[in-house]
Amino acid sequence: MTPSLERWTAERSAELYGVREWGAGFFGISDKGELQVTSSPACFDNAVSIPEIIAGVQERGLDMPVLLRIENILDTQISLLNDSFQAAIQSLDYRGSYLGAYPIKVNQQQQVVEAVTRHGKKYHHGLEAGSKAELIAAMGMLGDTEAVLVCNGYKDEEFVDLGLHATQLGFQCILVVEMPGELPLIIERSKALGIKPILGVRVKLSSQANGLWAESGGDRSIFGLNVAQIIDVIDSLKEADMLDCLQLLHYHLGSQIPNIREIRNAVAEATRVYAGLVAEGAGMRYLDLGGGLAVDYDGTQTNFMSSRNYSVNEYCVDVVEGVMTVLDEQKIDHPIIITESGRALVAYYSMLLFNVLDSARFEPEPLPESLPEGTNIHIQHLFETLQVLNIRNVQECFNDILYYRDEVRQAFNHGKMTFRERALGDNVFWETINRIASLAKDLHALPHELEGITEALSDIYYCNFSVFQSLPDAWAIGQLFPVMPVHRLNEKPVREGLLADITCDCDGKIDRFIDSQGVKRTMRLHELKESEEYYLGAFLVGAYQETLGDLHNLLGDTNIVTVRIKENGEFDFVGELEGDTVEDILSYVEYDTKALFNRFRETAEEAVRQGRITPIQRRETLRAYKNGLQGYTYFER
Ligand SMILES: *Cc1c(COP(=O)(O)O)cnc(C)c1O
């Protein structure tokens, strides 16, 4: 893996890291080899350099890692979804309309919900709440009474009452019945408060979706009513003289549905149910398709679970067409179509930026020309294998050295070999593995046993972030995110490595990377320089990653910086949230940090009493402790 002299260009980096494929037009690489980001793919001319943003962040005194949000990417995505539905509605002569409802759980941060309600206002983009706390946030944030406020999730009396009050205030607040037991409570509370509710039902569809989150849809889903239960709802509402209140049919197949066929099947099935409800005399107005609109994380445009085989435009056209086909057949009015897309709106707008602290290489020390007299016989065998290794006996030599390596270990464990001999044995073994790996590159078909050899020899880059805090889905459910360097992109990346975080957990790593041919176990990286930081980014992390994260190893929230890109290609820092301090984190896990400090002071005073330290050293120690409490939880340079 020696650096070669061939010319490397920004273009080759773009290909290598698939920027055009996953970037959806938001990302590109400048001639200077810097990753750029724009808020509007239509004019990449106003793109700004991410290293420049990093420099600005550091000048303001914030350390890496930083979660960077590009505020107006969110605006662009809200417009894309609404405009695409609008276009589909017009081109197909659909006689209903479209309303979006942003599901708060996808990213609950106030900044996000604020942006959705502010920019979404011209489309009457509403909100979806799945819990009491989310409903309370939504009622405070949503000023638009033409937008919908969809209430999903388990509802207790307080939740139902809040929803009814919202309706009374003029909100299009829809209480969706998810469980058979909820209806009697809703009927009772609406009678008690004298407020007529707007009701929906969530149907369990039998159309099964594939993908990581598939189980939230389909017959086995936890939420929703089957058709027989919906009939019960109709009968109960009739009895209470409230059938006109039932206005919405809801389903949610699960998030990240990669295959358009599954989306179409579900639309067809749900529209049949909708037609059935109309025939039963319910006051139907809305058909709510839930979430599922996927993000092409790996840029392959396939039905692979981290991708999608359709565009936003196709999604909208297929949905509108699917609804029309069923309803026109039965001469039923076209409803207002609602979708609760979350992931597709917010994924692009955040990226995690971090520096690399160090790297480890698995390269043996140079070997002697020949082995010293009396070297252990197994090491001699290893050494001889290395001498005879060539392209024709790769497999055979590989088997041999595995055998001899085990013999070396045995000998060491039984006390028949010294510490230094063991080191020599390991060294010869790794040198041979390295040679095998480079010979294996020229083999037409790689023997089964040799698969994964490059991975075993790859570098480890130690990176200043926590997977558990910032990319929880990468750890928990094996979700892929695009990861790449944000600078030096006109230099050839000559190393092959995986990324380890700074938690001391062996799961704290990224070793699955996007690839046009499937999933790669390592990625190409640049050689580290002594005098210069090396910055990487993990992209499309705006959905679900911010609050699912945890405090593993007490690494807390990162610094968050929000930037707005201007039309002239400049950018403004519009928001800055400092990450957690050590003190913050300790208090989250119920420490009383004052008491902690006092206790530590006593320990230090005891050390003075025993003559271990001087009072002046005590002062130094306490100052260091206090600084630590007030510092960032990540590695600070
Ligand atoms: C999670 C969820 C969504 C969001 O799904 P995305 O695939 O992120 O758009 C929408 N509706 C409901 C009911 C959900 O639970």
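Cut-offs and rules
Residues numbered from 1 in each chain as written. Predicted model: local features only at pLDDT ≥ 70, side-chain atom pairs only at ≥ 80, totals over all residues. Heavy atoms only, no water. Helix = DSSP H or I, 4+ residues; strand = E, 2+ residues; numbered from the N terminus. Contact = heavy atoms within 4.5 Å. Domains from an automatic or database assignment. Near = heavy atom within 4 Å. Polar contact = N/O pair within 3.5 Å; in protein donor to acceptor, adjacent residues only side chain to side chain. Areas by Shrake-Rupley, 256 points an atom, 1.4 Å probe, with all protein chains shown as cover. Nonpolar A, V, L, I, M, F, W, Y, C, P; charged D, E, K, R; others polar. Buried < 20%, exposed > 50% of the residue type's maximum accessible area, 1.4 Å probe, protein only. Pairing = 2+ DSSP bridges. Salt bridge = Lys/Arg side-chain N within 4 Å of Asp/Glu carboxyl O. Disulfide = S-S within 2.5 Å. Phe/Tyr/Trp six-rings, centres within 6.5 Å; stacked < 30°, edge-to-face > 60°. Lys NZ or Arg CZ within 6 Å of the ring centre and 35° of its normal. Core = buried A, V, L, I, M, F, W, Y, C linked by side-chain atoms within 4.5 Å. UniProt positions renumbered as here; feature names shortened; annotations may be inferred. Expected span 1.5 Å × (residues − 1). Patch = residues over 30% accessible without salt bridge, like charges linked within 9 Å, V, L, I, M, F, W, Y side chains within 5 Å.

### Examining the environment of Gly291
Structurally, the position occupied by Gly291 is in the loop between β11 (286-288) and α11 (312-329). Non-local contacts of Gly291, meaning those with residues more than four positions away in its chain, are made with His252, Gly254, Glu340 and Ser341.

### Notes on the domain arrangement of the chain
Split by domain assignment, the chain resolves into domain 1 (1-74 + 349-358 + 458-579), domain 2 (94-344), domain 3 (377-447) and domain 4 (583-630). When each unit is reduced to the centre of its C-alpha atoms, the spacing between domain 1 and domain 3 is 38 Å.

### Quick word on the site of the ligand
Taken together, 16 residues surround the ligand, and among them Lys105, Ser255, Glu340, Gly342 and Tyr544 come closest. Note that an oxygen atom of the ligand is positioned 2.5 Å from one of the side-chain N or O atoms of Lys105. Tyr544 has a polar side-chain atom sitting 2.6 Å from an oxygen atom of the ligand. Considered on its own, the ligand offers 390 Å² of accessible surface; in the complex 92% of this is hidden by protein. Of the residues that constitute the shell around the ligand, the class distribution is three nonpolar, nine polar and four charged.

### Some remarks on the pairing of strand β12 (residues 336-339)
By the alternation rule, side chains of β12 split into Ile336 and Ile338 and Ile337 and Thr339, which are all buried. Pairing of strand β5 (residues 98-103) with β12, which is carried by three bridges, proceeds in the parallel orientation. When the bridges of β12 are listed, Gly100 appears paired with Thr339. Pairing geometry for β11 and β12, over three bridges, is parallel.

### What to know about unusual backbone geometry
The amide bond that connects Met64 to the next residue, Pro65, takes the cis arrangement and shows omega of -5°. A positive phi is found at Ala24, a non-glycine position, where the angle reads about 50°. With respect to the secondary-structure elements, Ala24 resides in the loop between α2 (19-22) and β1 (27-29). We classify Ala24 as partly exposed; its relative accessible area is 38%. Despite not being glycine, Tyr544 has its phi angle at roughly 70°, a positive value. The topology assignment puts Tyr544 in the loop between β21 (535-538) and α19 (545-548).

### Re the pattern of salt bridges
A complete count under the given rule lists 32 salt bridges for this structure. Arg405 is paired through a salt bridge with Asp406; the nearest N and O atoms lie 3.5 Å apart. Note on Asp406: relative accessible area 37%, which makes it partly exposed. A salt bridge links Lys566 to Asp572, with the shortest nitrogen-to-oxygen separation between them at 3.6 Å. Each of Arg488, Glu491, Lys529 and Glu532 takes part in a single network of salt bridges with overlapping partners.

### A word on the state of the cysteines
Chemically, a disulfide is nothing more than a covalent bond linking the sulfur atoms of two cysteines. A complete count under the given rule lists zero disulfides for this structure. In this structure Cys173 is not part of a disulfide, and its nearest cysteine sulfur, from Cys151, lies 3.6 Å away. Judged by relative accessible area, which is 0%, Cys173 ranks as buried.

### Details of the packing of aromatic side chains
Aromatic ring pairs are described here by two measures, namely the spacing of the ring centres and the angle between the planes. Inspection of the entire model under this criterion finds 17 aromatic pairs. An angle of 85° between the planes, with centres 5.6 Å apart, marks the rings of Tyr297 and Phe481 as edge-to-face. Of this pair, Tyr297 sits in the loop between β11 and α11 while Phe481 sits in the loop between α18 (472-476) and β15 (483-485), and the two are 184 residues apart along the sequence. Take Tyr297 and Phe481: they sit in the same class, and that class is buried. Taken together, a centroid distance of 4.9 Å and an interplanar angle of 65° make the contact between Phe468 and Trp475 edge-to-face. Among the aromatic residues, those joined into a ring-pair cluster are Phe85, Tyr98, Tyr310 and Tyr315. Between Arg60 and the ring centre of Phe573, over which it is positioned, the NZ or CZ distance is 3.8 Å. When the ring centre of Tyr310 is taken as reference, the NZ or CZ atom of Arg308 above it lies at 6.0 Å.

### Brief notes about the environment of Leu62
Locating Leu62 in the fold gives a position in the loop between α3 (50-59) and β4 (66-70). Taking the relative accessible area as the measure of exposure, Leu62 reaches 7% and is therefore buried. Non-local contacts of Leu62, meaning those with residues more than four positions away in its chain, are made with Val57, Asn559, Val561, Glu576 and Glu578.

### Here's the deal with the nonpolar core
Membership of the largest hydrophobic core comes to 151 residues, with the highest contact counts inside it found for Phe27, Leu35, Ile50, Leu249, Leu277, Leu499 and Phe539. Take this core: its biggest share by element is nine residues, from helix α10 (residues 260-279). Formed jointly, this core draws a minimum of three residues from each of two domains, domain 1 (1-74 + 349-358 + 458-579) and domain 2 (94-344). Counting 23 residues, the second largest nonpolar core, distinct from the first, contains Leu371, Leu389, Ala411 and Ile453.

### Quick notes on α3
Within α3 the residues assigned to the buried category are Ile50, Pro51, Ile53, Ile54, Gly56 and Val57. One side-chain oxygen of the residue at the start of α3 lies 3.1 Å from the amide nitrogen of Glu52, identifying that residue as Ser49. Where α3 ends, the next residue or the one after it, Gly61, has phi of about 90°, a positive value.

### A word on the UniProt feature "domain: Arginine decarboxylase helical bundle" (unreviewed entry) in the chain
As annotated in UniProt, the feature "domain: Arginine decarboxylase helical bundle" (unreviewed entry) corresponds to residues 379-451 in the numbering used here. Between the end C-alpha atoms of residues 379-451 there is a gap of 25 Å, over a span that is 71% helix and 0% strand.

### Let's talk about the sheet that holds β1
Reading across the sheet, the three strands line up as β1-β2-β3 and stay open at both edges, with antiparallel pairing between neighbours. Each having just a single partner strand, β1 and β3 (48-49) make up the two edges of the open sheet. Pairing analysis gives three bridges linking β1 to strand β2 (residues 35-37), with the strands arranged antiparallel. Considered in β2, the bridge of Ile29 is made with Leu35.

### With respect to α11
Taking 1.5 Å per residue, 18 residues should reach 26 Å; α11 reaches 26 Å between its end C-alpha atoms and fits that length. On the buried face of α11, the contacting elements are α4 (71-92), α10, β11 and β12. Just beyond α11, the residue with positive phi is Lys331, at close to 55°.

### Focus: a nonpolar patch on the surface
A cluster of nonpolar residues, Leu554, Tyr588, Val589 and Tyr591, forms a patch on the protein surface that exposes about 360 Å² of accessible area. The residue Val589 is located in the loop between α20 (582-588) and α21 (593-609) in this model.

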